[in-house]
Amino acid sequence: MKETRTMSKSVLKRRSLLKQLGAAAFLATPVFRSVLAEAQTTFPLRLILLNLPGGIPFKGGGDSGGLDTYFDGIYKPWAALQSDMIVFDNVQNKAGDKVATFFELEGHGGGCRSIFGGAVNDQGCKGMAACDAGLNPEDEAAYNAVVYSYGTATTIDQTLAAAIGQSTPFDALHFGTLWDKGQGGDHAECFYKGGRAVRPMSDPMSAFTRLFGNGLPTVGSTPAPTTTATGTAAPDPATLNLYQRGKSRLDLLYAEIADVKALAGNAEQAKLDQHLTSLRELERGLPIVPGGGGGGGGTVGGGGPANPGPTCALPGMEARVQAGTDVRPVSAAFNELAYQSLNCDLTRIVALQWLSSGDHIPRFQFLGCSGDHHGMEHSINGGEYIKAQTWIFEQMVEFVNKLKNTPEGTGSMLDNSIVYLASEMGNGSHVLSPALSTIIGKAGGAFRTGRRVDMQGRNINDILTTVVNTMGLNAATVGDAEFNTGAISLS
Amino acid sequence: MQRLVTGSVLSLALLSAVGCSSEVSSRPNGGTAPAGPATSPTGTGTPGTGTGVGTPPQAPPGAAFGPTAIRRLTNTQYKNSVSTLLKLGAVPTDTFETEPLSQSTRYLDNNSASLTVSPILAKQYATLAEKLVKAYTVTPCAGGSETACGDTFIQTFGRSAYRRPLNATELQRYQALFAGELSRTGYTGAVTQVIETMLQSPNFVYRAELGDPAQGAKRSLNSHEIATELSYLLTDNLPDEPLAAAADAGQLLTVEQREQQARRLLTLDGAKPTLRHFLELFVGISRLEELPKDANVYPTYTPELRDAMKLETQTFIDDVLWQGDATFSTLLTAPYSFVNGPLAALYGAPDPGQGATLVKTSLNATERSGILTQPGVLARHSKAFESFPIGRGKFVRIGLLCQVLPSPPQNLGVMPVPEDPNLTTRERFLAHSASPSCSGCHALIDPVGFGLENYDGIGKFRTMENGKPVDASGNFTSTIDMDGPFQGGPALAQKLAGSIESKQCLALQAYRWAFGRDESNNEAARVDAIAQELAAGGLNIKELVVALTKSDNFAFRSFN
């Protein structure tokens, strides 16, 4: 039996390319609030990332040309919102093209890994011996450690969460309708921090408990303090005990994580950091103790709503967030949870994802579709694909309309938001460029909507840079520098 | 003979140039890769001779081992462990965030890199811990001070939860925690505070495979880490008392000691669901309950039938492993299965007459052979409304032979296979995959799947489809030892049962499952050697797992 390995050629090609690629190019400049946004609104600016699985067809149904982002085409569900939208044409996702090529030729996973980060190389890879040494074709584990890190650069939601997320109980929230079902898994992990995937919540009830488990929010309410004879609030003993019990427990756990971090290898550091972040969130859920320095304060998720909207309430919500594998109620539940998390100011950064682009389970029989979503994606001109994508767009529109229908000042929540719609695919047949890229919302007046913008082949990176700058950062680039030509003016 | 190139190393340019008909390698390392470093698949290493818990052996010089790791417990492992610690008598049924099926370990659910503690899971751990301690009955402190009782409890409970004795720093922290709570809420509150904290501790939630830092880059795991590794591999639970005692005595540092414990653990009740779960993952049915079918096409596919399908395969696995010869060959060729009324109807067999209870039943050997032809497995790798030879072919290539097929190249527009009531599924897919851009890969995939065309989308045997005879002739190319035609499911199963390539694949998946990660070249070569050693006997699956525990890879790590 003859054994022939054919990897060297391609490995060497990738090795040389890897070395050419610099670090992710997000500049470590000081963070400051967006002057523009602050000047034009007293309401918080919000970022919502909408992630469509599997792209959309090309205009005219062919296999080339621009994507059909037209309101008489598959964008029909968006038609009523077109005055609030900026549709980008001729956008490239060259980072995604490269990631997909490296990442087992896997367009879905590769595209997913790049669409919100715009990078090939990654920050999590830095410091790993395999990365430092380059790709070793004779060591499959080291090789895979590199390959599976491609495209896992920190995504803009996480960059912004780190910069501006501390003003709310949750720095960012991710919701994914059935994204981890049907062989989803790391096939559909689109958000990263330090090389580790930030996995969306997939169970509505768990999400509900996480966000609102400490009670439903009521505007202006605070925990009832014990009033002393002098009229000053004193800690309720039971609440104080509860707080101290939780705080002392978490302090011990923090110390233990530090111990483990000191012993663990480089590859495990981000895992432990994520665990630490999760425990910090538990701490914010501790009961507030007036004057006692309790968790985050307030009654919502244990952290006080910084600026809850007047409609911040969840009547009957608990009954509507039951888990299941039916895409319809799960999607509806996450739409409501995502909306209320913004409306109650639990967070200002939200990601909403529908399915995994690798989903092999049929979900759309209610539309008369017998196929699974992955199969539909590869049938780019098939009727079932159109039906499924249209349905997902309808769910997105339903969510956006919740923002639009919520008054805020003289406008709406949508006016003070940036909703960024993208997909890991250009269209479903492993075409990443042109990339789907649309903004809905006026960003507090920073964006002039109701138009199309021809990007003339520029990369998504430039749009991402524009978004993060409008949200308050001062970034020259997002992702790998080679894909950037600078922010664009959308005013 | 050509073998398949791994997808991870095939560039797009290369793919477009040669497609799937290139020079090929069936496995990431190839089936007969050059021997790795001078370590034995059954283990070397110099036993320690020190005192206390034993001096760990030195790693063999020149060898490369898998990375040090902290591995989060799977949900099953966590719940089993909690149940054991608190003597609950039943495993908690609380919902936890589902483990991802990781692509890098071919859809196993215990890939260490993917198992993290998300905010949701941290909350779920906290909620469960709070609930459990509320229901926990604290044994009153009898005699001595409450502080002394607390010390004893911390050390005893901590030894079990952490799977090792607490070190001095940890003990001091818990003593302070206990004292604080004792002063606020009393003894019961202090004990439950310790429990609640330990159930969320990183030392409980993660399994450490770190070894002794003093040994440098190449390390041997200590006896407590090995005990933990053994117990979770074989029972998905904490080390039991004999294993914990062996760890405390430093009696797990030789190959013989590990083997002795592994064989003992295999006799415990916990081994049965643990090995069963691995084989469920291997054939893809671990989440069969999520699998819908088109009710218009398959009206008999009710939740009851679906659940019976899964239970059938689970029962069959248990029977082969614990009542039979436990071999991979029997798993693929056994002429029987376990059937109840609804399954009997699907099989076309007599109803055993015991309602929902499954009864061991001989099956028509011309139609069925082992696990591959069981309805649950076939349904899992079918479409909702048809048999799907592409999916089944991919399952055999990727799942049962560990070959890696590249994804379709970019810009590959694919039209759906049109429905045609006058054609068989085979005829429709033959026409669909005939184009030059498709045929390279589909020539490898489809002929294997076509061999299973005697089964519809829920695994029911058929000889006719749309008024035409079913053609279930199949063909293998680009394999180590199976190239050539076959006819139908039983023949395919027989081919796989006799193949070294499929045995090496089972061994490789067992390795990935055991270590929670992908393998390196050198490791894969050693796994191949293990499979080769066991192949003559049909590859005893229990012996395979024991062999993994005897390997140097089980006991040594490289720090990164």
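Conventions and cut-offs
- Residues numbered from 1 in each chain as written.
- Chains lettered and ligands numbered in written order.
- Predicted model: local features only at pLDDT ≥ 70, side-chain atom pairs only at ≥ 80, totals over all residues.
- Helix = DSSP H or I, 4+ residues; strand = E, 2+ residues; numbered from the N terminus.
- Buried ≥ 20, exposed ≤ 12 C-beta atoms within 10 Å, placed from the backbone.
- Contact = placed C-beta atoms within 7 Å.
- Pairing = 2+ DSSP bridges.
- Axes fitted to C-alpha atoms, helices over the stretch in contact; angles between N-to-C directions.
- Expected span 1.5 Å × (residues − 1).
- pLDDT = per-residue confidence, 0-100.
- Parallel < 35°, antiparallel > 145°, perpendicular 65-115°, else oblique.
- Left-handed = near helix turned anticlockwise from the far one by under 90°.
- Nonpolar A, V, L, I, M, F, W, Y, C, P; charged D, E, K, R; others polar.

Participant: An account of the overall build of chain A is requested, with residue identities and associated values reported.
Facilitator: Helix and strand counts for chain A stand at 14 helices and 13 strands. Counting only residues that meet the buried cut, chain A has 62% of its 491 residues in that class. Contacts in chain A between residues far apart in sequence, at least 24 positions, make up 72% of those at least 6 positions apart.

Participant: Describe the overall build of chain B, with residues and values.
Facilitator: Scanning chain B from N- to C-terminus turns up 23 helices and ten strands. Going through the 560 residues of chain B one by one, you find that 58% of them count as buried.

Participant: Lay out unusual backbone geometry in plain terms, naming residues and giving numbers.
Facilitator: In this structure, the amide linkage connecting S433 of chain A to the following residue, P434 of chain A, adopts the cis form with an omega of 5°. Along the polypeptide, P434 of chain A turns up in the loop between strand 11 (417-423) and strand 12 (437-440). For R163 of chain B, which is not glycine, the phi torsion reads 65° and is therefore positive. Inspection of the secondary structure puts R163 of chain B in the loop between helix 4 (146-162) and helix 5 (168-185). The phi dihedral of C402 of chain B is positive, around 60°, even though this residue is not glycine. With 25 C-beta atoms packed within 10 Å, C402 of chain B lands in the buried category.

Participant: Quick one: what's the story with the sheet that holds strand 8 (residues 349-354) of chain A, residue by residue and with numbers?
Facilitator: All names here are of chain A. If you trace the seven strands from one edge of the open sheet to the other, you get 3-8-1-11-12-2-13, paired in mixed fashion. Either end of the sheet is taken by a strand with one partner, and the two such strands are strand 3 (173-177) and strand 13 (451-454). For this sheet the average axis-to-axis angle between neighbouring strands, irrespective of direction, equals 15°. Where strand 1 (residues 46-52) lies against strand 8, five bridges are found, and the strand directions are parallel. Directly across from N51, in strand 8, lies its bridge partner Q353.

Participant: Pulling in residues and values, what's your account of helix 11 (residues 327-343) of chain A?
Facilitator: Residue and element names in this part refer to chain A. An ideal rise of 1.5 Å per residue puts 24 Å on 17 residues; helix 11 measures up with 24 Å between its terminal C-alpha atoms. With 14 of its 17 residues buried, helix 11 lies for the most part within the structure. Looking one or two places after helix 11, you find D345, whose phi comes out positive at around 60°.

Participant: Explain the confidence of the model for chain B to me, using residue names and the numbers behind them.
Facilitator: All names here are of chain B. Residues with a pLDDT of 70 or more make up 87% of chain B, whose mean pLDDT is 87. Per-residue pLDDT stays below 50 along residues 1-52; that stretch engages in 156 contacts with residues further than four places along the chain or on separate chains. Prediction confidence for the complex, expressed as pTM and ipTM, is 0.83 and 0.89 respectively.

Participant: Outline the packing of helix 11 (residues 271-283) of chain B against helix 12 (residues 303-323) of chain B, supporting the account with residue identities and numerical values.
Facilitator: Residues and elements named next belong to chain B. Direction vectors running N to C along helix 11 and helix 12 enclose 120°, while the axes themselves pass 10 Å from each other. Taken together, helix 11 and helix 12 sit at an angle that is classed as oblique. Considering the relative orientation of helix 11 and helix 12, their crossing is right-handed. Each of K272, L275, R276, L279 and E280 in helix 11 lies in contact with helix 12, whose residues at this interface are Q314, I317, D318, L321 and W322. Among the residues making up the contact of helix 11 with helix 12, the classes are represented as five nonpolar, one polar and four charged.

Participant: I'd like a description of the packing of helix 9 (residues 237-263) of chain A against helix 5 of chain B, backed by residues and values.
Facilitator: At their nearest, the axes of helix 9 of chain A and helix 5 of chain B sit 11 Å apart, and the two run at 180° to each other. Here helix 9 of chain A is positioned roughly antiparallel relative to helix 5 of chain B, judged by the angle of their axes. Where helix 9 of chain A approaches helix 5 of chain B, its residues N241, Q244, R245, S248, L252 and A255 of chain A are matched on the opposing element by R173, L177, G180, E181, R184 and T185 of chain B. Its residues assigned to classes, the contact of helix 9 of chain A with helix 5 of chain B shows three nonpolar, five polar and four charged.

Participant: Kindly report on the environment of Y336 of chain B, identifying the contributing residues and their values.
Facilitator: Positionally, Y336 of chain B belongs in strand 4 (residues 336-339). Non-local contacts of Y336 of chain B, meaning those with residues more than four positions away in its chain, are made with K360, T361, S362 and L363 of chain B.

Participant: Describe the confidence of the model for chain A, naming the residues involved and giving the relevant values.
Facilitator: Per-residue confidence for chain A gives a mean pLDDT of 77, with 73% of residues at or over 70. Here helix 1 (residues 7-20) of chain A is the element of chain A with the lowest mean pLDDT, 23, and strand 12 of chain A is the one with the highest, 98.

Participant: Please give an account of the pairing of strand 2 (residues 206-209) of chain B that cites residues and values.
Facilitator: Residue and element names in this part refer to chain B. A two-sided burial pattern is seen for strand 2, the buried positions comprising Y206 and A208 on one face and R207 and E209 on the other. Across four bridges, the pairing between strand 1 (residues 69-72) and strand 2 is antiparallel. Bridge assignment links R71 to a residue of strand 2, and that residue is R207.

Participant: Summarise the environment of I398 of chain B; cite the residues concerned and give the values.
Facilitator: Residues and elements named next belong to chain B. Mapped onto the elements of the fold, I398 is located in helix 16 (residues 389-400). Looking at I398, the number of C-beta atoms within 10 Å reads 18, which means it is partly exposed. Residues I398 and G355, 43 residues apart in the sequence, show an inter-C-alpha distance of 37 Å.

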